Amino acid sequence: MSEAAAGRYMTFRLSTETYAVEILKVRELLGLIDITRVPGAPPFVRGVVNLRGKVVPVTDLRLKLGIADAPLHRHTVIMVVHGPHGPMGLLVDEMLDVVALGPEQIDPASNVTQGAFDASLLSGIGRHEERVIFLLELDRVLAASPAAMNVGT
Amino acid sequence: MSTPAVRDSETIELLGDFLAEAAEGLAQVEELLAAPPTPDAIAQMFRCFHTLKGNAGFLEVTQVVALAHTVETLLVQYRDGAKPLDAALLFEAVAVHHRVLAGVKTAVEAQAAFAVLPEVEPFVARLTAAISAEAKAAKPEQAETPTVAMHLKETLRVDAERVDTLVEMIGELLVVEAMVADAPEVTAITAPRVRHNLSQLSKISRDLQGLAMRLRMVPLRGLFQKTARILHDLSKKTGKAVALVREGEDVELDRGLVDRLEEPLVHMLRNALDHGVEAAPLRAAAGKSAEACVTLRAFHESGRVVIELSDDGRGLQRETIVRRARERNLLPAAAEPTDEEVWNLIFVPGFSTAEQVTELSGRGVGMDVVLRQVQSMQGRVTVSSQAGRGTTVRLSLPLTLAVINGMLVSCGDERYIIPSLCIVESLKPTAKMHATLAQHTELINLRGELLPVVRLDRLVGTEGGVAHGELAVIVECHGKKVALMVNDVLTEQQVVIKPLSAQAQPADFLSGVAILSDGRAGLILDVDRIVGRASSGQSAPLGALA
């Protein structure tokens, strides 16, 4: 597991929790556009979208992390990130802000996590103005299968 | 050997242009050589070599200057009718040019001085000998071949990255155009002038999209020309006379795919010549013409591009293959395999390279290489063979990035694309046409022909939605038909097939995805697979897939 580096993070909401990825990993944000469902795909793959001529798969980050499914709503956003195999869309509940975290504001994930959640999916846990921000190890999250992620559900 | 050479960026750019232009010129010559020589064609070839010589002189690529100059002199003689055109010699000249130019490219990339290719000097000497040889008083038989006006396409070289960017931007334009045109504020406008201009705008955008999508596509002609050259070489090496028939050179495929087809084609050609085509005495004994015929065909089928290489040789030696397979325990001793099963054995790695089989059974070196390469392009390879009549190897390639006409059909709230080429007809089936077997396997009686039924909603897993109208789209592949039940047939549109990301883990009956004219992504059905599964008696599991 790599340690989270101090720097700028894009924060977003999943259910009631706040998560973040390194700002450099984010390519762009799309409002909720029409997603074409792909038959045969696992449930966490919502489908594919047309990103200016490129067809990009969209993963529902809630389902991927084992958070209960919820209907899409007006804040739902597709966050396009640089995945290992090209752009990937991630469905998140709401975009929040960009925060800068210093090294003193980041705890190693291994100190905190317990239970079923796979700590290696987090690069660290940030604290920013009373908020707890889970910093995602993006490549590992994208590669992981949801079954391995949350044994509890 | 490689003395370092300093070239400024301008020279390097010029050299790059020179190499690309030279390759085009040589390709033109090859194309011209494929047809019976006309004075026009000879003049055109002359111009190609002349340009090449001029450019090479300017850039001080001396070996090319000497070569091209000698070929020019020879062409002047042909043009004046001093002697008949020796196509084989010219093909060879083109090949030597290609090798010299490859050396130039290497030298430029390594920043070294141009190496001197040893084969050039003797070849120039041979050309000179041909030039000074007594003219055999042979006037070209002009009366025989009416002058066909050669039409050579003009081309422009563009950085591939720019093309990709252009294609992407046009995609963006289309989405925005649709958003503007469909905005409630805009749709409320009824002024005829605005309506007219809007429809013009959307038409132009669509045309632009169609055009942009074709930019990356190249015709198979270049590949076929290369094939002709390789076959010519092989024919000389094996001493077997072969004529190549080329069909469908205008079929277009994505450039990336075309490049990767060369290696499998070379293997296939080698097999055809080494093992398929018999030696002259055997051909004579079998009552075949002394000159063998190899046919290279390309065509569209069921939304895929098919490339077929057939020879009129002796065909695969079934007995030998079966015996060999039994020896290697690839076949149970008692099994009576079908032809198809036998032919598939030649794809087993190492199978055909075993000593005797290559000689006796024919066919073989590297068919596993062909299979692997084609499969890596999501293609399929099939072989058919008739004893004494010849063998056909068939590559079926997906149209990744290729443009096809697709029929948009609806299924519940979703839409799918069926390649138009696979569609025979669509109709509203009457109750009388329906039949069910054991309550689940459905059939449709189409004018006396019983077709398996595949329900799209069951296939894609939207079953049980709102009941809409029902239409049967009759699709066909490899001569087998299936009735695909959909809710409605919407429109036909030209779409560009893009690969469906493996990350989405799509079902296997989807062959790709395309951007629809409203900017949404639409999935393309793999009719080949749907038909294959339904007609091999798996229609029930297929229907029950969801």
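Definitions and limits used
Here, residues in each chain are numbered from 1, in the same order as that chain's written sequence. Both sets of labels track the order of writing: A upward for chains, 1 upward for ligands. Only residues with pLDDT of at least 70 get local features here, since the model is predicted, and only at 80 or more are side-chain atom pairs given and counted; chain-wide, interface and lining totals rely on the full set of residues. Hydrogens and water molecules were not included; the side-chain quantities draw on all heavy atoms of the structure. Here a helix means four or more residues in a row that DSSP labels H or I, a strand means two or more in a row labelled E, and each is numbered from the N terminus. Burial here depends on accessible area, computed with a 1.4 Å probe over protein chains only, as a share of the maximum for the residue type. Under 20% is buried, over 50% is exposed, and the range in between is partly exposed. In what follows, a contact means two residues having at least one pair of non-hydrogen atoms within 4.5 Å. Here the accessible surface of atoms and residues is derived via Shrake-Rupley with a 1.4 Å probe, and residues count as covered only by protein chains that are part of the display. Take a side-chain nitrogen of Lys or Arg and a carboxyl oxygen of Asp or Glu: if they are within 4 Å of each other, that pair is a salt bridge. Between N or O atoms, a polar contact is any pair within 3.5 Å; within protein, one atom must be a potential hydrogen donor and the other a potential acceptor, and residues adjacent in sequence are included only when both atoms are from side chains. Note on residue classes: Ala, Val, Leu, Ile, Met, Phe, Trp, Tyr, Cys and Pro are nonpolar, Asp, Glu, Lys and Arg are charged, and everything else, Gly too, is polar. pLDDT runs from 0 to 100 and stands for how confident the predictor is about each residue. Two strands are said to pair when DSSP picks up at least two bridges between them. Fitted lines through C-alpha atoms serve as axes, helices being fitted only where they are in contact, and the angles separating the N-to-C directions of these axes extend from 0 to 180 degrees. Note on terminology: a nonpolar core comprises buried Ala, Val, Leu, Ile, Met, Phe, Trp, Tyr and Cys residues joined through side-chain atoms within 4.5 Å. The labels follow the angle: roughly parallel below 35 degrees, roughly antiparallel above 145, roughly perpendicular from 65 to 115, and oblique for the rest. Here a crossing is called left-handed whenever its near helix is offset anticlockwise from the far helix by less than a right angle, and right-handed whenever the offset is clockwise. Here the expected length of a helix is defined as 1.5 Å per residue gap, with one fewer gap than residues.

A. The overall build of chain A, seen in detail. When helices and strands are tallied, chain A shows 4 helices and 11 strands. A burial count over chain A gives 52% of its 153 residues as buried. Put simply, of all contacts in chain A between residues at least 6 apart along the chain, 58% involve residues at least 24 apart. Summing over all exposed atoms, chain A offers an accessible surface of approximately 7,000 Å²; the carbon and sulfur share of this is 53%.

B. Inspection of the overall build of chain B at higher detail. Per the secondary structure count, chain B includes 17 helices and 18 strands. Residue burial in chain B is summarised as follows: out of 546 residues, 45% are buried. When the accessible surface of chain B is summed, it comes to about 27,500 Å², and 55% of that surface belongs to carbon and sulfur atoms.

C. The interface of chain B and chain A, seen in detail. Residue-level contacts link 24 residues of chain B with 21 residues of chain A. There are 2 salt bridges connecting chain B and chain A. Between Arg520(B) and Asp34(A) there is a salt bridge, with its nearest N and O atoms 3.7 Å apart. At the junction of chain B with chain A, the criterion picks out 4 residue pairs in polar contact (both at pLDDT 80 or more). Broken down by class, the residue content of the side of chain B that touches chain A amounts to 13 nonpolar, 6 polar and 5 charged.

D. Region of interest: the pattern of salt bridges. Summed over all chains, the structure comprises 40 salt bridges over all chains. Salt-bridge contacts for Arg62(A) lead to Asp93(A); the nearest nitrogen and oxygen are separated by 2.5 Å. A residue pair is termed long-range when its members are at least 10 positions apart, and Arg62(A) in helix 1 (residues 61-64) and Asp93(A) in the loop between strand 7 (86-92) and strand 8 (94-101) qualify at 31 residues. With respect to class, Arg62(A) is no different from Asp93(A); both count as buried. Measuring nitrogen to oxygen at the nearest pair gives 3.8 Å for the salt bridge that ties Asp526(B) to Arg529(B).

E. Region of interest: the confidence of the model for chain A. Mean pLDDT for chain A: 84, with 88% of residues reaching 70 or above. The low-confidence segment residues 147-153 of chain A, where pLDDT is below 50, has 14 contacts with residues more than four positions distant or belonging to other chains.

F. Broad picture of unusual backbone geometry. Backbone geometry places Ser15(A), a non-glycine residue, at a positive phi of 55 degrees. Tracing the backbone shows Ser15(A) in the loop between strand 1 (7-14) and strand 2 (17-22). Classification of Ser15(A) by relative accessible area gives partly exposed; the value is 23%. Phi at Gln111(B) is positive, roughly 55 degrees, even though this residue is not glycine. Relative to the assigned elements, Gln111(B) resides in the loop between helix 4 (87-109) and helix 5 (120-132).

G. Looking closely at the sheet that holds strand 4 (residues 45-51) of chain A. Residues and elements named next belong to chain A. Taken together, 5 strands build an open sheet; the order of strands is 3-6-7-5-4 and the sheet is mixed. The open sheet has two edge strands, strand 3 (26-31) and strand 4, and neither has a second partner. For this sheet, the mean inter-axis angle between neighbouring strands, taken without regard to orientation, is 30 degrees. In terms of strand pairing, strand 5 (residues 54-60) meets strand 7 through 3 bridges, oriented parallel. Looking across to strand 7, one finds that valine 58 is bridged to glycine 89.

H. Representation of the nonpolar core. All names here are of chain B. Ranked by internal contacts, the top residues of the largest apolar core, which has 45 residues, are Leu220, Leu253, Leu261, Ile307, Ile321, Val381 and Leu395. Considering every element that reaches this core, the biggest residue donor is helix 10 (residues 255-276), with 8 residues. If we ignore the near neighbours within four places in the chain, the residues touching leucine 395 are Leu261, Met268, Val305, Val306, Ile307, Val370, Val374, Arg380 and Val381.

I. Here's a closer look at the packing of helix 1 (residues 9-34) of chain B against helix 4 of chain B. Residue and element names in this part refer to chain B. In contact at an axis separation of 10 Å, helix 1 and helix 4 are set at 165 degrees when each is read in the N-to-C sense. With respect to each other, helix 1 and helix 4 are oriented roughly antiparallel. Judged by the sense of rotation from one axis to the other, the crossing of helix 1 with helix 4 is left-handed. For the pair helix 1 and helix 4, contact is made by Ile12, Leu15, Phe18, Leu19, Ala22, Leu26, Val29, Glu30 and Leu33 and by Ala87, Leu90, Phe91, Val94, His97, His98, Leu101, Val104, Lys105 and Val108, respectively. Class assignment for the residues of the contact of helix 1 with helix 4 results in 15 nonpolar, 2 polar and 2 charged.

J. A look at helix 2 (residues 39-58) of chain B. Residues and elements named next belong to chain B. Under the 1.5 Å per step criterion, the end-to-end length of helix 2 is 29 Å for 20 residues, consistent within 8% with the ideal 28 Å. When we look at burial in helix 2, the residues that qualify are Ala41, Ile42, Ala43, Met45, Phe46, Cys48, Phe49, Leu52, Lys53 and Ala56. On its buried face, helix 2 is in contact with helix 1, helix 3 (62-79) and helix 4. Two residues or fewer past helix 2, glutamate 60 is found with a positive phi of approximately 60 degrees.

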